[in-house]
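Examination of the molecular architecture
Here is how the chains run, residue by residue.
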Number of protein chains: 2
Amino acid sequence: MKKSEASRITIKDIARELNLSTATISRVLSNHPAISESTKKLVNDKVKEMGFALDPIASSFRSKKTKSIGVICPRIDIDFHSKVISGIEDFAYKQGYQITIFQSQDSYKKEKEIVQMLETSLAAGIIICPALETHRFEHLKKIVKSNIPLVLYDRSTDSLKASKVIINDFEASFNATEHLIQQGCKTLAHISGNKNVDIFNSRIAGFKEALAQHQLPIHEELIKEAKNLTYEEGKVQAEALLKEHIIPDGIVCANDYTAVAALKAFRNKGYTIPDQVAIVGFSNYPISSILEPQISTIEDSAYEMGRVAAKILIQQIEDKDMQALDYQEVVIKTELIIRGSSFRNK
Amino acid sequence: MKKSEASRITIKDIARELNLSTATISRVLSNHPAISESTKKLVNDKVKEMGFALDPIASSFRSKKTKSIGVICPRIDIDFHSKVISGIEDFAYKQGYQITIFQSQDSYKKEKEIVQMLETSLAAGIIICPALETHRFEHLKKIVKSNIPLVLYDRSTDSLKASKVIINDFEASFNATEHLIQQGCKTLAHISGNKNVDIFNSRIAGFKEALAQHQLPIHEELIKEAKNLTYEEGKVQAEALLKEHIIPDGIVCANDYTAVAALKAFRNKGYTIPDQVAIVGFSNYPISSILEPQISTIEDSAYEMGRVAAKILIQQIEDKDMQALDYQEVVIKTELIIRGSSFRNK
DNA sequence: TTGTATGCGTTATCAT
DNA sequence: ATGATAACGCATACAA
């Protein structure tokens, strides 16, 4: 069975029907100011009547502009990133932009590949959370040089002059730590993510600073690394903590999976939560409000981060010609959510 | 500071440099068979030397073909969909396709809007999980008629001749139910999703069939609906079950959130899990293996579903000219994972 | 095996 | 306010 290949209606068809030039039709369609109301209506009606729609490819081809935003994240199926992307899509769609998604798998090589492709494909702009492996930023500098708007989210770097949407990891971690101190914790442990990544370093720094400000000792051996922040890694590190010569009475974790793991590991050894050991996580995963006790955590507003990233990017895209703005940094507000895993009824 | 707008290298430039025609360059770049090895090498070297890359927009414009797959899902930030999309992206990327993502928010209107746009934008193909609100499929039939490859995933419908990737919801639910029966349950309840959606109807049917086959009574009043399958809705429905005149000794839930909710609701009332009430969920969310007891569940292989959807779609895209295949249906294997919430040590 | 020439649908320049 | 026309970069039918 041969399927029919309906030949496309073009601007020419509309022009012919109305005895107007294609230029006029094009002008109406792009809201050109110098068009009389009467022909505007004429054209719009005919467009509707014939069910015409501009060919976006031809349009992009001619104008060298697209409505396509490239989004690069480590993996889509991580709660945090899927929320960010959801925020990006919502905002972008409303502005008439489409988002094309790529997963770097945290590989520097793949990230470079994708970025290069995006550069030649006329992406209107790029939103990226750099791969864990990415420590050199030449590929992104090239994007900036090519005058393609670029926004980094979550993981950022000082070595790149580009817009950034981040949270204040230092502050969030500081607040979480201080909260435990206020609950009476004296010996604090930290389960960190990959220590080679800026944001986890900032969280470590925030953790230490809170201890310092409250004249509490910093036990380096109580700062553990769970590279991918999985539940299993969290369990391993929590059990490692249980074997230390000092047992913590409070644990700040870099995400909620490790927090849950720590909670269970300590409870299994007979410690009561939060009275003997208080725990706070990070990111407000669904699980943290379902477990008992519920896990105190940091709401990192991933959806909002995505929305803002899209907003900044589109601003840059649309202001590109006037070069009004160069780049900007936005810090998304985080919020400490205090729940049963850390709140001690005194 | 004015940024430089490097003018693009085109195949003309390559042609001029090598005293060849643009046609030859184009042929080399698209692996045309009738090209001598020597010029092939010549061109490829020069391409590399000059850092040239085809302009995909111009290429698409001319050939009327794109490498862009439109993906429409209800929301990206739902675990299941983000996994499916991850699978789609992985496969598509390897085949040189990009995926452009849209969220229908389960709105029929928005879905139509997106589909229409995709139709005029020369999407190479479309992968869609129809919105909950979608009960008419004219917009998708139009896609099929326009000869744009289409694959539905997860939620399917018989009223559309298009490729589908689904799980056997009936069978999965049947197996989960039968498992509870084998554990000794006699009075079974079901917490369903939106009863207007095919897949949840199939799960209800599978549930009932298992009861029927084992000569157990079907208590309609023990079949509850949690429209969006949230934890909160699950809690409400579980509490409703607790108020029935018959208390179930086994509950089959349409996802893991509602399973957790049921588990907690019944445990709070003093029922022991799994001995007094056995529970099984659906979808194998991360939470289900972290709670205690761990939740028995159905692994629905979302990532694999995405991979297969992409595979089928790309097959159709690339075989389009020969029309070798029309459409196909793939049923992804599910697996019952038996854990503490339902396994009774006899 | 390679070259010539044309046109895809739109936008933008220049003219009227 | 509108029209005529060129041009964007490439793929392809036809020619050689």
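Residues numbered from 1 in each chain as written. Chains lettered and ligands numbered in written order. Predicted model: local features only at pLDDT ≥ 70, side-chain atom pairs only at ≥ 80, totals over all residues. Heavy atoms only, no water.

**Comments concerning the interface of chain A and chain B**
Basically, it comes down to this: Residue contacts are defined here by distance: any two heavy atoms, one from each residue, within 4.5 Å place the two residues in contact. A quick way to say it: buried area is the sum, across both parts, of accessible area lost when two parts are put together, with a 1.4 Å probe. Between Lys or Arg on one side and Asp or Glu on the other, a salt bridge is scored when a side-chain nitrogen of the former is within 4 Å of a carboxyl oxygen of the latter. Polar contact criterion, stated in full: a pair of N or O atoms within 3.5 Å, where within protein one must be able to donate a hydrogen and the other to accept it, and residues adjacent in sequence count only if both atoms are side-chain atoms. Put simply, DSSP H or I for four residues or longer makes a helix, DSSP E for two residues or longer makes a strand, and each gets a number counted from the N terminus.
Contact with chain A, which involves 53 residues of that partner, is made by 53 residues of chain B. Taken together, the two surfaces of chain A and chain B that pack against each other cover about 4700 Å², and 55% of this comes from carbon and sulfur. Taken together, the links from chain A to chain B amount to 4 salt bridges. Ionic pairing is found between Glu292(A) and Lys264(B), a salt bridge with its closest N-O pair at 3.2 Å. For the interface between chain A and chain B, the tally reads 19 residue pairs in polar contact (both at pLDDT 80 or more). Contributing elements (two or more residues each) for the side of chain A that touches chain B: α4 (56–63), α5 (79–94), β2 (98–103), α6 (108–120), α7 (138–145) and α11 (256–268) of chain A.

**Describing the protein's contact with DNA strand D**
Keep this limit in mind: By convention in these notes, a residue is near a molecule or strand provided one of its non-hydrogen atoms lies within 4 Å of it. As a working rule, the residues Ala, Val, Leu, Ile, Met, Phe, Trp, Tyr, Cys and Pro are called nonpolar, Asp, Glu, Lys and Arg charged, and the rest polar, with Gly in that last group.
The environment of DNA strand D is made up of 26 residues, and the closest members are Thr24(A), Arg27(A), Ile11(B), Ser26(B) and Arg62(B). Taking the atoms of DNA strand D that fall within 4 Å of the protein, sugar and phosphate contribute 56% of them. In this structure, Arg27(B) approaches DNA strand D through a side-chain N or O atom, which is 3.1 Å from a base nitrogen. Of all the elements in the fold, those that place two or more residues in the surface near DNA strand D are α2 (22–29) and α4 of chain A together with α2 (22–29) and α4 (56–63) of chain B. Grouping the constituent residues of the surface near DNA strand D by class yields 11 nonpolar, 9 polar and 6 charged.

**Considering α6(A)**
All names here are of chain A. Operational definition: What a helix is expected to span follows from its residue count: subtract one and scale by 1.5 Å. Any residue under 20% of the maximum accessible area for its type is buried, any over 50% is exposed, and the rest in between are partly exposed; the area is computed with a 1.4 Å probe on protein chains only.
Over its 13 residues, α6 extends 19 Å from the first C-alpha to the last, a length consistent with the 18 Å expected when each residue adds 1.5 Å. Of the positions making up α6, those classed as buried are Tyr-108, Lys-110, Glu-111, Ile-114, Val-115, Leu-118 and Glu-119. N-capping of α6 is provided by Ser-107, with a side-chain oxygen placed 3.3 Å from the backbone N of Lys-109. The first or second residue beyond α6 is Leu-122, which carries a positive phi of 60 degrees.

**Observations regarding the relation of the copies chain A and chain B**
Heads up, the condition is: A least-squares superposition brings the copies together, and it is based on the C-alpha atoms of residues with pLDDT no lower than 70 in both.
Each copy superposes on the other: chain A lies on chain B with an RMSD of 0.1 Å after a rotation of 180 degrees and an axial shift of 0.0 Å. Taken together, these values place the two copies in the relation of a two-fold axis. Taking the C-alpha atom as reference, chain A places Thr100(A) closest to the rotation axis, 2.1 Å from it. Comparing interface residues between copies, 100% of those in chain A also sit at the interface in chain B, which points to an isologous, same-surface contact.

**Remarks on the environment of Phe91(B)**
Residues and elements named next belong to chain B. As for its position among the elements, Phe-91 is in helix α5 (residues 79–94). Remark: the alpha-carbon pair of Phe-91 and Ala-309, spanning 218 residues in sequence, is separated by 9.3 Å. When neighbours within four sequence positions are excluded, Phe-91 is seen to be in contact with Arg-307, Ala-310, Lys-311 and Ile-314.

**Considerations on the environment of Phe91(A)**
The exposure class of Phe91(A) is buried, given its relative accessible area of 12%. Spatially, the C-alpha atoms of Phe91(A) and Ile314(A) are 9.5 Å apart, while their sequence positions differ by 223 residues.

**Section: the sheet that holds strand β6 (residues 188–192) of chain B**
Each strand in a sheet pairs with its neighbour through backbone hydrogen bonds, running either in the same direction (parallel) or in the opposite one (antiparallel). All names here are of chain B. Quick note on the threshold: Strands are labelled as partners when DSSP assigns at least two bridges between them. Here an angle of 0 to 180 degrees is reported between the N-to-C directions of two axes, which are lines fitted to C-alpha atoms, with helices fitted over the stretch in contact.
Overall, parallel pairing links the 4 strands, which are arranged β7-β6-β8-β9 in an open sheet. Two strands in the sheet have a free side with no partner beyond their single neighbour: β7 (223–225) and β9 (278–280). Strand-to-strand, the axes of this sheet are offset by a mean angle of 15 degrees, without reference to chain direction. Here helix α9 (residues 198–213) sits on the sheet in contact with β6, β7 and β8 (250–253), set at roughly 175 degrees to β6. Helix α10 (residues 231–242) contacts β6, β7 and β8 of the sheet and is inclined by roughly 155 degrees relative to β6.

**Brief notes about the packing of aromatic side chains**
Stated precisely, the cut-off is as follows: Here a pair means two rings of Phe, Tyr or Trp (six-membered ring of Trp) with centres within 6.5 Å. Their orientation is stacked below 30 degrees between planes, edge-to-face above 60, and tilted elsewhere. Geometrically, a lysine NZ or arginine CZ counts as sitting over a ring once it is within 6 Å of the ring centre and also within 35 degrees of the ring normal.
Evaluated as defined, the whole model comprises 11 aromatic pairs over all chains. Ring geometry for Phe80(B) and Tyr153(B): centres 6.4 Å apart, planes at 45 degrees, overall tilted. Taken together, the positions of Phe80(B) in helix α5 and Tyr153(B) in strand β4 (residues 150–153) put the pair 73 residues apart, joining distant regions of the chain. Accessibility expressed as a relative area gives 0% for Tyr153(B), which makes it buried. Sitting above the plane of the Tyr93(B) ring, Lys110(A) keeps its charged end 4.4 Å from the centroid.

**Concerning the confidence of the model for chain A**
Defined as follows: Predictor confidence is given residue by residue as pLDDT, running from a minimum of 0 to a maximum of 100.
With 96% of its residues at a pLDDT of 70 or more, chain A has an overall mean of 93. Contacts of residues 1–5 of chain A to residues separated by more than four positions or lying in other chains number 8 contacts, the stretch itself having pLDDT below 50.

**Quick notes on the sheet that holds strand β6 (residues 188–192) of chain A**
Residue and element names in this part refer to chain A. Across the sheet, which stays open at both edges, the 4 strands sit in the order β7-β6-β8-β9 with parallel pairing between neighbours. Since the sheet does not close on itself, it has two edges, and those belong to β7 (223–225) and β9 (278–280), each with one partner. Each adjacent strand pair in this sheet contributes to an overall mean axis angle of 15 degrees, direction not counted. Taken strand by strand, helix α10 (residues 231–242) contacts β6, β7 and β8 (250–253), and its axis lies near 155 degrees from that of β6. Against the sheet, α11 engages β6, β8 and β9, with an angle of about 155 degrees to β8.

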